[in-house]
Amino acid sequence: MFIRKSPLGRLVSAVALTGCLFTGVAVRTLAQSNPGLTIFSGVERENILRYHFDYGGQADGWDRLKLRIPSKKMELAVQQIDLRYPDYYTGKFDPDRIEVRVKGESLPIAEVNWDKDNYQLQIYMQQPIPAQEKVEIVLSNLKNPRFGGTFYFECLVWTPGDIPLPRPLGVWIVTVS
């Protein structure tokens, strides 16, 4: 069956097709400018921190998560690191298997407190982490949530001898598949 289109129908079709093409180009451009696969996160690009799963980040699996802080974010020495995670994250941490590394060397930790009620891990260092150093927080023996998803882990730090207020360093947008 042959359907004849009116000039108005052709115009509407042309506008719709053009809109789809421009939207596709805009989304593709945004996807290429962000690290990883995060397109629209609500977090400014300069505040997104990098991470790595050693065993793939599979849902309901055991893994090792490496949370990285670049040296440019470490403006001051750090005595305490707080990792805050969302209330819908149902994974499990092993406080005895957490490391803080600088230049590949594990630094001595005084205490790790997993505050399940407030959804945070508090890492207290024996000695302050020096300023301007690249830091890697290693969460070994991590049990990923049963169901995958995207989870925002916020990094807050406390500096020695400073006014006792946390300073935000950035956010890891962790995806468990």
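Read on for an overview of the structure.

**Thoughts on the overall build of the protein chain**
Thinking step 1. The helix and strand tally for the protein chain stands at one helix and 11 strands.
Thinking step 2. Ordered by position in the sequence, the α and β elements of the protein chain form the string α-β-β-β-β-β-β-β-β-β-β-β.
Thinking step 3. The buried share of the protein chain, reckoned over its 177 residues, is 35%.
Thinking step 4. Sequence-distant contacts in the protein chain: of pairs separated by 6 or more residues, those separated by 24 or more amount to 68%.
Thinking step 5. Looking at the protein chain as shown, the accessible area adds up to about 11,200 Å², and 56% of this sits on carbon and sulfur atoms.

**Let's talk about the sheet that holds strand β9 (residues 135–143)**
Thinking step 1. Across the sheet, five strands lie side by side as β2-β3-β9-β5-β6; this open sheet has antiparallel pairing. Both outer strands of the open sheet, β2 (51–53) and β6 (105–106), are each paired with one neighbouring strand and no more.
Thinking step 2. Pairing of strand β3 (residues 62–69) with β9 involves seven bridges; the strand directions are antiparallel. The residue bridging I69 from the neighbouring strand is V135, located in β9.

**Focus: the packing of aromatic side chains**
Thinking step 1. Using the criterion set out here, one finds 11 aromatic pairs in the structure.
Thinking step 2. With a centroid separation of 5.6 Å and an interplanar angle of 70 degrees, the aromatic rings of Y85 and Y89 are classed as edge-to-face. With respect to burial, Y85 and Y89 carry one shared label: buried.
Thinking step 3. Ring plane angle 85 degrees and centroid distance 5.0 Å describe the contact between Y89 and F151, whose orientation is recorded as edge-to-face. Of the two residues, Y89 is situated in the loop between β4 (78–84) and β5 (98–102) and F151 in strand β10 (residues 149–158); the sequence distance between them amounts to 62 residues.
Thinking step 4. By relative accessible area, Y89 is classed as buried at 6%.
Thinking step 5. Since its relative accessible area comes to 3%, F151 is described here as buried.
Thinking step 6. Among the aromatic side chains, those forming a connected cluster through ring pairs are Y85, Y88, Y89, F93, W114, Y119, F151 and F153.
Thinking step 7. In this structure, K116 packs its charged tip against the face of W114, placed 4.5 Å from the ring centre.

**Some words on the sheet that holds strand β7 (residues 109–115)**
Thinking step 1. Read from one edge to the other, the open sheet built from six strands follows the order β1-β11-β10-β4-β8-β7, with strand pairing classed as mixed. Whereas interior strands pair on both sides, the edge strands pair on one side only; in this sheet they are β1 (48–49) and β7.
Thinking step 2. Strand direction decides the pairing type here: β10 and strand β11 (residues 167–176), joined by nine bridges, are antiparallel. Opposite T150, over in β11, you have T175 as the bridge partner.

**Looking at the environment of G61**
Thinking step 1. With respect to the helices and strands, the residue G61 is situated in the loop between β2 and β3.
Thinking step 2. Relative accessible area serves as the criterion here: at 18%, G61 is assigned to the buried category.
Thinking step 3. Taking the C-alpha atoms as reference points, G61 and N144, 83 residues apart in sequence, are found 5.5 Å from one another.
Thinking step 4. Contact partners of G61, with chain neighbours within four places excluded, come to L142, K143 and N144.

**Some words on unusual backbone geometry**
Thinking step 1. Although it is not a glycine, K103 adopts a positive phi angle of roughly 55 degrees.
Thinking step 2. Tracing the chain through its elements places K103 in the loop between β5 and β6.
Thinking step 3. A relative accessible area of 68% means that K103 is categorised as exposed.
Thinking step 4. Although it is not a glycine, Q132 adopts a positive phi angle of roughly 60 degrees.
Thinking step 5. Inspection of the secondary structure assignment puts Q132 in the loop between β8 (120–129) and β9.

Quick notes on the rules
- Residues numbered from 1 in each chain as written.
- Predicted model: local features only at pLDDT ≥ 70, side-chain atom pairs only at ≥ 80, totals over all residues.
- Heavy atoms only, no water.
- Helix = DSSP H or I, 4+ residues; strand = E, 2+ residues; numbered from the N terminus.
- Buried < 20%, exposed > 50% of the residue type's maximum accessible area, 1.4 Å probe, protein only.
- Contact = heavy atoms within 4.5 Å.
- Areas by Shrake-Rupley, 256 points an atom, 1.4 Å probe, with all protein chains shown as cover.
- Pairing = 2+ DSSP bridges.
- Phe/Tyr/Trp six-rings, centres within 6.5 Å; stacked < 30°, edge-to-face > 60°.
- Lys NZ or Arg CZ within 6 Å of the ring centre and 35° of its normal.

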